[in-house]
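Each chain is listed here by its residues.
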Amino acid sequence: MEIYLDNAATSHPKPESVIKAVVKALTEDNANPGRSGHTRALRAGNTVLEAREAVSSLLGASDPFEIVFTFNCTDALNLVIKGVLQKGDHAVCSALSHNSVLRPLFELQKSGVITLTILSPESNGFLDPSRFAREIRSTTKLFAITHASNVTGAVQPVKSVSSIARMHGIMCLIDGAQAAGMHALNVNELGCDFYAFPGHKGLLGPQGTGGLYIAPGRRLKTLRDGGTGTSSESFYQPEELPERYEAGTVNLPGIAGLMEGAKYARENLDKIIRTEQTISQYLYEELNKIPGVIVYSPANPLMRTGVISFNIQDHSSGAAAQALSEEGICVRGGLHCAPLAHKFLGTLSRGAVRASVGYQTGLSDAEALVKAVYALSKRA
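The structure contained in this document is the topic of the report that follows. (Residues numbered from 1 in each chain as written. Predicted model: local features only at pLDDT ≥ 70, side-chain atom pairs only at ≥ 80, totals over all residues. Heavy atoms only, no water.)

## A closer look at the overall build of the chain
- Within the chain, the regular secondary structure consists of 12 helices and 12 strands.
- In terms of C-alpha radius of gyration, the chain reaches 21 Å, essentially the compact-globule figure of 21 Å for 380 residues.
- In terms of overall dimensions, the chain has a C-alpha envelope of 70 × 55 × 35 Å along the principal axes.
- By residue count, 55% of the 380 residues in the chain fall in the buried class.
- Taking all contacts inside the chain whose residues are at least 6 apart in sequence as the whole, residues at least 24 apart take part in 67%.
- Surface exposure of the chain reaches about 15,900 Å², of which carbon and sulfur atoms provide 51%.
- Averaging the locations of the 36 positively and 35 negatively charged side chains of the chain gives two centres separated by 4 Å. (Helix = DSSP H or I, 4+ residues; strand = E, 2+ residues; numbered from the N terminus. Rg over C-alpha atoms; globule rule 2.2 N^0.38 Å. Buried < 20%, exposed > 50% of the residue type's maximum accessible area, 1.4 Å probe, protein only. Contact = heavy atoms within 4.5 Å. Areas by Shrake-Rupley, 256 points an atom, 1.4 Å probe, with all protein chains shown as cover. Lys, Arg positive; Asp, Glu negative; His and termini not counted. Charge placed at Lys NZ, Arg CZ, Asp CG, Glu CD.)

So this is what it looks like as structure tokens:
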């Protein structure tokens, strides 16, 4: 039986309610939401609305129509970055960012559209918000910050960064890929303009789902224009949310599953947080006891998610992850699509092994990983 410790990539297992909702959407409610007036299509439309309400409640948004569904978190991040930044603008982001933030920003910089400043974290792995303030120029348009590092799990001071942005009339985008559904949050309290999230991680939904919170009054240039089922007489994309950013048929089965995953996460959030903190803290403490093992995640479980990254002796992270896989333990080695984070850690050449616990990870799973890492360290 496999031990699954790769929840930062995709959560597993999915709640039974998620699976049932996907099946129901493909059978009983299989129709095009928002495109027809018959009963089946109306049921499909109600499912999408209910999903919007469930995600809105989980994120603390005031209005479910502030939630836009996207293909995934990467799609949501691209929508903001390319929908906000224009010729001559300046953006500031973090070296802890995932490539879904870095690549669109670097591409805009390469093509001469923007200038870009990248801030490294302090030696403790956390960003200093005051450094964002020091980098502000007259052309600064956007701060982009990850809520929690997908490499170390370190939860960043996003509220402080957002507050600085707001004081200076700068927009703030938070990448919530590693926090939504795994960390208590309220987008209104954070004060951000945009919060991007995946459906298949902490929200426990299917892959190929995600979304974006858009604060009241914010509008973006669209990435896609097309059918919305509303304002069909117009040749232009509607201004209203969410239709403006949801051109084409939405992923009904995925959104139905996301609805149930968001409900599950909201109803069990305290338990999920306790489980991830307890198990990850066990891993942090026990892995640190093994000679030759280096752990990169923060020591304080209140300041990280359920991510513990480490290396074993001189093993490459890929070889170590493969060896653990042969023992039936699913972890992820490599650079985790975050090269600047690994450059900061000094692990750019070999990456790191990442174990990420989930809502159903048990102590026995963590014990098995520690035992396997110990045995692997002895063979080095």
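## Examining helix α12 (residues 363-378)
- Relative to the 22 Å expected for 16 residues at 1.5 Å per residue, α12 spans 23 Å between its end C-alpha atoms, a close match to the ideal helical length.
- Along α12, the residues that are buried comprise Asp365, Ala366, Leu369, Val370, Ala372, Val373, Leu376 and Ser377. When α12 is viewed along its axis, its buried side chains cluster within an angular range of 165° and face the same direction. Exposed residues lying more than 90 degrees from the buried face of α12 are Ser364, Lys371 and Lys378. (Expected span 1.5 Å × (residues − 1). Arc of directions from axis to C-beta.)

## Concerning the nonpolar core
- In terms of nonpolar packing, the biggest core is built from 43 residues, with Val55, Phe143 and Tyr195 touching the most fellow members.
- Counting 29 residues, the second largest nonpolar core, distinct from the first, contains Cys73, Leu77, Val84 and Leu108. (Core = buried A, V, L, I, M, F, W, Y, C linked by side-chain atoms within 4.5 Å.)

## A word on the sheet that holds strand β9 (residues 293-295)
- What the 3 strands build is an open sheet, ordered β9-β10-β12; its pairing is antiparallel. Looking at which strands have only one partner, the edges of the open sheet turn out to be β9 and β12 (353-356). Looking at each pair of strands side by side, their axes are set apart by 30° on average, direction ignored.
- By the bridge criterion, 4 bridges tie strand β10 (residues 307-312) to β12 in an arrangement that is antiparallel. Counterpart to Phe310 in the pairing with β12 is Val353.
- Docked against the sheet, helix α9 (residues 269-288) engages β9, β10 and β12, running at close to 20° with respect to β10. (Pairing = 2+ DSSP bridges. Axes fitted to C-alpha atoms, helices over the stretch in contact; angles between N-to-C directions.)

## Topic: the pattern of salt bridges
- Under the counting rule described, the total for this entry stands at 13 salt bridges.
- Taking the shortest distance from any N to any O, the salt bridge between Asp29 and Lys24 comes out at 2.5 Å.
- Each of Lys24, Asp29 and Arg43 takes part in one network of salt bridges that share partners. (Salt bridge = Lys/Arg side-chain N within 4 Å of Asp/Glu carboxyl O.)

## Section: the environment of Glu267
- Take Glu267: it is sitting in helix α8 (residues 252-267).
- Measuring from C-alpha to C-alpha, the distance between Glu267 and Asn251 comes to 24 Å, with 16 residues separating the pair along the chain.

## A few points about the environment of Ser280
- Considering the arrangement of structural elements, one finds Ser280 in helix α9.
- Looking at Ser280, the relative accessible area reads 1%, which means it is buried.
- Separated by 67 residues in the primary sequence, Ser280 and Thr347 have C-alpha atoms spaced 21 Å apart.
- Side-chain polar atoms of Ser280 contact the backbone oxygen of Gln277, separated by 3.3 Å.
- In this structure the side chain of Ser280 is engaged in a polar contact, spanning 3.3 Å, whose partner is the side chain of Arg304. (Polar contact = N/O pair within 3.5 Å; in protein donor to acceptor, adjacent residues only side chain to side chain.)

## Notes on the side chain of Asn78
- Structurally, Asn78 is set in helix α3 (residues 73-84).
- Judged by relative accessible area, which is 14%, Asn78 ranks as buried.
- Non-local contacts of Asn78, meaning those with residues more than four positions away in its chain, are made with Gly83, Ser100, Pro104 and Leu223.

## Examining the sheet that holds strand β4 (residues 114-119)
- Read across the open sheet, the 7 strands follow the order β2-β8-β7-β6-β5-β3-β4; overall the sheet is mixed. Taken across any chain shown, the strands that pair with only one partner, and hence form the sheet edges, are β2 (67-70) and β4. The mean angle between the axes of side-by-side strands here comes to 20°, regardless of whether they run parallel or antiparallel.
- Examined bridge by bridge, strand β6 (residues 171-175) and strand β7 (residues 194-198) share 3 bridges and lie parallel to one another. Within β7, the residue paired with Asp175 across the bridge is Ala196.

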